[in-house]
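Chain and residue survey
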Amino acid sequence: MAIGTDSIVTLHYTLKDEAGVVIDQSEPGEPLAYLHGHGSIIAGLEKELTGRNAGDALTVTVVPAEGYGEYDNELVQSVPRRALRGIKDIKTGMRLHAQTAEGTRAVTVTKVIGDMVTLDGNHPLAGKILYFDVRIEAVRAATEEELSHGHVHGPHGHHDH
Ligand code: ZN
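A brief look at the structure comes next. (Residues numbered from 1 in each chain as written. Predicted model: local features only at pLDDT ≥ 70, side-chain atom pairs only at ≥ 80, totals over all residues. Heavy atoms only, no water.)

**With respect to the overall build of the protein**
Stated precisely, the cut-off is as follows: To qualify as a helix, a DSSP run of H or I must reach at least 4 residues; to qualify as a strand, a run of E must reach at least 2; elements of each kind are numbered from the N terminus. Restricting the calculation to C-alpha atoms gives the radius of gyration, and the globule rule supplies 2.2 Å times the number of residues raised to the power 0.38. To sort residues, take the accessible area from a 1.4 Å probe on protein chains only and compare it with the maximum for the residue type: under 20% means buried, over 50% means exposed, and anything in between is partly exposed. Accessible surface area values rest on a Shrake-Rupley calculation with a 1.4 Å probe, where residue burial reflects the displayed protein chains alone. Residues scored as positive are Lys and Arg, those scored as negative are Asp and Glu, and His as well as the terminal groups of each chain are ignored. Each charge is placed at NZ for Lys, CZ for Arg, CG for Asp and CD for Glu.
Helix and strand content of the protein: two helices and nine strands. When the helices and strands of the protein are placed in sequence order, the string is β-β-β-α-β-β-β-β-β-β-α. A globule of 161 residues ought to have a C-alpha radius of gyration of about 15 Å, yet the protein, at 19 Å, is considerably larger. Projecting the C-alpha coordinates of the protein onto the three principal axes gives extents of approximately 60 × 40 × 25 Å. Here the protein holds 161 residues, and the buried ones make up 34% of them. As displayed, the protein offers around 9600 Å² of accessible surface, 49% of which is attributable to carbon and sulfur atoms. Across the protein, the centroid of the 14 positively charged side chains sits 11 Å from that of the 23 negatively charged ones.

Now the structure itself:
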């Protein structure tokens, strides 16, 4: 069957950046399984997989607007170190959860200069063009239970309930 809304898709993928560096990939023997058409994966990839079949291999280029979003400078802020009390050894590259007006947000420490710490609330892949190599292993219809839960059960899905 071809991939459409409510398909359970099992696939192998490699994600590279513009320089060809591998950012992420499925492990051998451990493909990704997801419920298609429900925003479980980024929009640009989901769109290109629609109508494909098991056995297909494809390369998909995803622009930021259909990936992890454009880079937003307004999500970058500098705060005094004392605003992060309780967090020891603040270093560049650390991931923290910061309280903001919109609730808790994951941020990355991008700079530490003297008493000031720069926090970046953008997704680490925001603003990046993403290059996926995808091989579709299997396509099947979701069960009623999977649809009501909104995710995959069984091999490569959720095992814990
Ligand atoms: Zn479930």
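**Overview of the sheet that holds strand E5 (residues 76-80)**
Quick reminder of the rule: Here a strand pair is declared whenever DSSP counts at least two bridges between the two strands. In this analysis, axes come from line fits to C-alpha atoms, helices being fitted only over the stretch in contact, and the angle between any two N-to-C directions falls in the range 0 to 180 degrees.
As summarised here, the arrangement of the four strands in space is E5-E8-E7-E6, forming an open sheet in which the pairing is antiparallel. With partners counted over all chains shown, the strands left at the sheet margins are E5 and strand E6 (95-100), one partner each. Pairwise comparison of adjacent strand axes, ignoring direction, gives a mean angle of 45° for this sheet. For strand E7 (residues 103-113) and strand E8 (residues 116-120), the ladder comprises five bridges, and the chain directions are antiparallel. Paired with Val109 across the bridge in E8 is Leu119.

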